[in-house]
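One letter stands for each residue in the lines below.
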Amino acid sequence: MFRKSLYTVGAFTKACAASAHYRSLYSAAALGIEGYEAYREKTRTQHLHNVDNFKRKMRDFVSGSSTNMIFTEDLKNIIHLIDNTPEDKQLLKDTVMRYNQQGKELRFGNYVFGPVIMRACHHLGDADLALDLFKTAGTDGFFDQLTSYQILGDMLYEKGRYQEVRELFDSIKSVQIQGGRFPKHCITLTFAACYKENTADSFQYAMDLWKELNSVGHVPMRKATAFAAALALANGRPEIAVEILGTIAKGNYVTVRQLKTLALCALNRLEDVVPIFRSVLEVKGPFEKQQTFCREVIQKVQETVAAAKAESTSTTLQDLERMLEFLETNGQIVNETLDSMLCSAIMSTAQRTDGHSNLADSYNSRGGRVQQQRNFRPTKKYSQLRPGLSDMN
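Residues numbered from 1 in each chain as written. Predicted model: local features only at pLDDT ≥ 70, side-chain atom pairs only at ≥ 80, totals over all residues. Heavy atoms only, no water.

## A short note on the overall build of the protein chain
Logical step 1: Looking only at helices and strands, the protein chain has 20 helices and two strands in total.
Logical step 2: Expressed as a percentage of its 393 residues, the buried residues of the protein chain come to 51%.
Logical step 3: Long-range contacts, defined here as pairs at least 24 residues apart, represent 77% of the contacts in the protein chain between residues at least 6 apart.
Logical step 4: Accessible surface, the protein chain as shown: approximately 19,000 Å² in total, 50% of it carbon and sulfur. (Helix = DSSP H or I, 4+ residues; strand = E, 2+ residues; numbered from the N terminus. Buried < 20%, exposed > 50% of the residue type's maximum accessible area, 1.4 Å probe, protein only. Contact = heavy atoms within 4.5 Å. Areas by Shrake-Rupley, 256 points an atom, 1.4 Å probe, with all protein chains shown as cover.)

Below, the structure is given as structure tokens:
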């Protein structure tokens, strides 16, 4: 009976998982795709009418009998000139493999190809190509950059290949890319994939990951925490959802307060819903954004209040009914679904005071240099922590 009552609470998750419409978790700007596309246009303009001749020449260079060298500039140009055709994708694979087979002692530049190749695959919408390149050329560190993993993970997420997102995260933990086992964006992608997959296995994986993060003192991003709590709700564990949401310092964030409201309703803790509503209804300053609730969340509260009134007429229920009326009257109930809010694209990964960099910043006018990544130094805030924790926020 308890689990049956939770079905309506987790319905938004089930609807999300069943949807045939997939989308990225990160925006094109956040991943640096827009930077890639701009440089792609610049490269095409430079080659003008010579694109086909250049591709033909490169096909000759990567043929088995050729002894011609593939230079850094050759591969950069191929990455930015390929079209969405089987022939061009094969050319990219062949060029990457030939370049990677050449002695590393011949590479004198500091251009890092991994993120740029992943952006090219993202631009083409081909996760299979990205995964193939990752598996064949990534064995010697060619894609050993967190940004490469993040872009690949976003592609897999967008295509609904959630289990592969988990597998990708496991590989990150096993090799500790760039000194950390728990990179924040990869963690967010992993919790998002578990939430979207919404199976017994994905739920167990997410809860095990949460416990592991908790054991080392890592606090995930707020969005990752919301995904973990929503997954717990969808699996009939509102008590776990409440505990997870309790780790967020600012509990009045739009998705956090609504998930907590749903969890408290499932636990019949209506007295704890009152302060949540009160904080939203408090008179704010003239420039402060009005806080809202999704209609589906309000409907769940109304159903819980109605069920409770059959057994009690407490002042708590009366207060909640008045608050529900105020929310409606004040226009603080919106039709957007909670799932839509949860899965909205992350628009920016801009650098913060904790020293984490923007994913898009690794794409500059020269194409794809990852600045300062190889020589990363923790900020003063992390100077006393042991190695590997500097990328764990």
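## Some words on the environment of Lys-159
Logical step 1: Among the structural elements, Lys-159 can be located in the loop between helix H10 (146-158) and helix H11 (162-175).
Logical step 2: Considering only alpha carbons, one finds Lys-159 and Ser-24, 135 residues apart in sequence, at a separation of 8.4 Å.
Logical step 3: Those residues in contact with Lys-159 that sit more than four places away from it in its chain are Tyr-22, Gly-125 and Ala-127.

## What about the environment of Leu-129?
Logical step 1: Position of Leu-129 relative to the elements: it lies in helix H9 (residues 127-137).
Logical step 2: Along the primary structure Leu-129 and Ile-117 are separated by 12 residues, whereas in three dimensions their C-alpha atoms are 10.0 Å apart.
Logical step 3: Excluding residues that lie within four positions of it along the chain, Leu-129 makes contacts with Lys-89, Leu-92, Lys-93, Cys-121 and Leu-124.

## Quick look at H11
One turn of an α-helix holds 3.6 residues; hence residues three or four places apart share an orientation.
Logical step 1: Given a rise of 1.5 Å per residue, 14 residues ought to cover 20 Å, and the 21 Å separating the end C-alpha atoms of H11 matches this to within 8%.
Logical step 2: Residues of H11 that are buried include every one of Tyr-162, Val-165, Arg-166, Leu-168, Phe-169, Ile-172 and Lys-173, and no others. Here the buried residues of H11 occupy an arc of 160 degrees about the axis, which is enough to place them on one side.
Logical step 3: Where H11 is buried, its residues meet H9, H10, helix H12 (184-197) and helix H13 (200-215).
Logical step 4: Gln-176 occupies a position one or two residues after H11 and carries a positive phi of about 55 degrees. (Expected span 1.5 Å × (residues − 1). Arc of directions from axis to C-beta.)

## Let's talk about H10
Logical step 1: Relative to the 18 Å expected for 13 residues at 1.5 Å per residue, H10 spans 18 Å between its end C-alpha atoms, a close match to the ideal helical length.
Logical step 2: H10 sits mainly inside the fold: 12 of its 13 residues count as buried.
Logical step 3: Among the residues making up H10, those that are buried are Leu-146, Thr-147, Ser-148, Tyr-149, Gln-150, Ile-151, Leu-152, Gly-153, Asp-154, Met-155, Leu-156 and Tyr-157.
Logical step 4: Buried residues along H10 sit in contact with helix H3 (28-31), helix H8 (114-124), H9, H11 and H12.

## Digging into the pattern of salt bridges
Pairs can form between side chains of opposite charge once their charged atoms are near each other.
Logical step 1: According to the stated counting rule, one finds 18 salt bridges in the structure shown.
Logical step 2: With a closest N to O distance of 2.5 Å, Asp-83 and Arg-44 form a salt bridge. Here Asp-83, found in the loop between helix H6 (72-81) and helix H7 (86-101), pairs with Arg-44, found in helix H4 (residues 33-47); they are 39 residues apart in sequence, far enough to count as distant.
Logical step 3: With relative accessibility at 29%, the residue Asp-83 sits in the partly exposed group.
Logical step 4: Taking relative accessible area as the criterion, Arg-44 reaches 21% and is therefore assigned partly exposed.
Logical step 5: Between Lys-55 and Asp-83 there is a salt bridge; the shortest N-O distance is 2.9 Å. Of the two residues, Lys-55 is situated in helix H5 (residues 51-61) and Asp-83 in the loop between H6 and H7; the sequence distance between them amounts to 28 residues.
Logical step 6: Among the residues examined, Lys-55 registers a relative accessible area of 4% and is labelled buried.
Logical step 7: In this structure, a network of salt bridges that share partners links the residues Arg-40, Arg-44, Lys-55, Arg-59, Asp-83 and Asp-88. (Salt bridge = Lys/Arg side-chain N within 4 Å of Asp/Glu carboxyl O.)

## Here's the deal with the packing of H12 against helix H14 (residues 222-234)
Logical step 1: Contact geometry for H12 and H14: axes closest at 8 Å, N-to-C directions at 20 degrees. Our classification of the angle between H12 and H14 gives roughly parallel. Between H12 and H14 the crossing geometry is left-handed. Residue-level inspection shows Ile-187, Thr-188, Phe-191, Ala-192, Cys-194 and Tyr-195 of H12 in contact with H14, the latter providing Lys-223, Ala-224, Phe-227, Ala-228, Ala-230 and Leu-231. (Axes fitted to C-alpha atoms, helices over the stretch in contact; angles between N-to-C directions. Parallel < 35°, antiparallel > 145°, perpendicular 65-115°, else oblique. Left-handed = near helix turned anticlockwise from the far one by under 90°.)

## Thoughts on the nonpolar core
Logical step 1: Formed by 109 residues in total, the largest nonpolar core has its most connected members in Phe-191 and Phe-277.
Logical step 2: Ranked by residue count, the leading element in this core is H14, at nine residues.
Logical step 3: Ignoring sequence-local partners within four residues, the contact set of Phe-191 consists of Ala-206, Leu-209, Trp-210, Leu-213, Ala-224, Phe-227 and Ala-228. (Core = buried A, V, L, I, M, F, W, Y, C linked by side-chain atoms within 4.5 Å.)

## Some remarks on the packing of aromatic side chains
Logical step 1: This model, assessed by the stated rule, comprises 10 aromatic pairs.
Logical step 2: Here Phe-191 and Trp-210 contribute two aromatic rings whose centre-to-centre distance is 6.1 Å and whose plane-to-plane angle is 65 degrees, an arrangement assigned as edge-to-face. Taken together, the residues span a long stretch of sequence, with Phe-191 in helix H12 and Trp-210 in helix H13 at a distance of 19 residues. For the pair Phe-191 and Trp-210, one class covers both residues: buried.
Logical step 3: In this structure, Arg-166 packs its charged tip against the face of Tyr-205, placed 5.3 Å from the ring centre.
Logical step 4: One Lys or Arg, Arg-222, reaches over the ring of Tyr-253 and ends 3.6 Å from the middle of that ring. (Phe/Tyr/Trp six-rings, centres within 6.5 Å; stacked < 30°, edge-to-face > 60°. Lys NZ or Arg CZ within 6 Å of the ring centre and 35° of its normal.)

## Some points on unusual backbone geometry
Logical step 1: Of note, Leu-48 is a non-glycine position whose phi angle comes to about 50 degrees, a positive value.
Logical step 2: Backbone geometry at Asn-268 places phi at a positive 60 degrees, although glycine is not the residue there.
Logical step 3: Mapped onto the elements of the fold, Asn-268 is located in the loop between helix H16 (254-266) and helix H17 (274-281).
Logical step 4: Classification of Asn-268 by relative accessible area gives exposed; the value is 59%.

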